[in-house]
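# Architecture and fold: a report
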Amino acid sequence: MKFFVIADTHFGHTNIIKYCNRPFSGTEEMDAALIKSWNETVSNKDVVLHLGDVGLGNKEYIENIIKQLNGKKILIKGNHDNWSDSFYKDAGFDYVSKFPIIYGGSPDNNGFYIMSHAPLLLSETTPYFNYYGHVHNDTRYTDTPTSKCVSVERIGYRPYCFMERN
């Protein structure tokens, strides 16, 4: 089983293509490419933590997208995730949180990851590692020994594997 993380898919969001210089001609192409990349990367045995800003659009549109995505899905809500927790669960997320969560299990970092929508400021001596989104391709934010941005623009438009277990 593999564990993945991703943020800022912004399914159905026309303006994000321009704002973040995404290489797509429109939302139809972007959404299809993101779904394809996700499903080529993630099996239904895997876990994906989505760190917010799933998509914009009506409930039916967002629900249709989420139901197409492989894996067990966990959502840490972002500033654009305005539907209720129950909507996201009904759409296909197994767990939804409006707060960052601590996710454990790897000896690489004493076993703890802090999953958040926005970046957290952590000491370089902390036993935690922060995966975050929100900042997209803003060059003021760079990966550090204790953090990594997983906005789709930074990770090749596909979920990033951060842990694997037998």
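To keep things clear, this report deals only with the structure shown in the data block. All of these numbers come straight from a predicted model, not from anything done at the bench.

Moving on, we get to unusual backbone geometry. Phi at Asp8 takes a positive value of approximately 65°, unusual for a residue other than glycine. Among the structural elements, Asp8 can be located in the loop between strand 1 (2-6) and helix 1 (14-19). Of note, His10 is a non-glycine position whose phi angle comes to about 50°, a positive value. Tracing the chain through its elements places His10 in the loop between strand 1 and helix 1.

Turning our attention to helix 3 (residues 59-68). Along helix 3, the residues classified as buried are Ile62, Ile65 and Ile66. Buried positions in helix 3, seen along its axis, are confined to an arc of 95° and lie on one side of it. Opposite the buried face of helix 3, at more than 90 degrees from it, the exposed residues are Glu60 and Lys67. On its buried face, helix 3 sits against helix 2 (27-41), strand 3 (72-76), helix 4 (85-91) and strand 4 (93-97).

What follows concerns the sheet that holds strand 6 (residues 112-115). Reading across from one edge, 5-6-7-8 is the order of the four strands in this open sheet, with mixed pairing throughout. Across the chains shown, the open sheet's two edge strands, defined by having one partner strand only, are strand 5 (101-104) and strand 8 (147-149). Between one strand and the next, the sheet's axes are offset by a mean angle of 25°, whatever the strand orientation. Relative to strand 7 (residues 128-132), strand 6 runs parallel, the two being bridged by four bridges. Pairing of Tyr113 across the sheet is with Phe129, part of strand 7.

With that settled, consider the sheet that holds strand 9 (residues 160-164). Strand order across the open sheet formed by five strands is 4-3-2-1-9, with mixed pairing between neighbours. The open sheet is flanked by strand 4 and strand 9, the only strands paired with a single partner. Each adjacent strand pair in this sheet contributes to an overall mean axis angle of 20°, direction not counted. With four bridges joining them, strand 3 and strand 4 adopt parallel strand pairing. Paired with Ile74 across the bridge in strand 4 is Tyr95.

A word on the packing of aromatic side chains. This structure, assessed with the given rule, holds 13 aromatic pairs. Seen from their ring centres, Trp83 and Phe87 are 5.7 Å apart, and the 55° between their planes marks the pair as tilted. By relative accessible area, Trp83 is classed as partly exposed at 28%. Phe87 gets classed as buried once you look at its relative accessible area, which sits at 8%. On the numbers, 6.3 Å between centres and 70° between planes, the contact of Tyr88 with Phe93 is edge-to-face. Residue classification places Tyr88 among the buried positions, given a relative accessible area of 0%.

What counts, and at which threshold
Residues numbered from 1 in each chain as written. Predicted model: local features only at pLDDT ≥ 70, side-chain atom pairs only at ≥ 80, totals over all residues. Heavy atoms only, no water. Helix = DSSP H or I, 4+ residues; strand = E, 2+ residues; numbered from the N terminus. Buried < 20%, exposed > 50% of the residue type's maximum accessible area, 1.4 Å probe, protein only. Arc of directions from axis to C-beta. Contact = heavy atoms within 4.5 Å. Pairing = 2+ DSSP bridges. Axes fitted to C-alpha atoms, helices over the stretch in contact; angles between N-to-C directions. Phe/Tyr/Trp six-rings, centres within 6.5 Å; stacked < 30°, edge-to-face > 60°.

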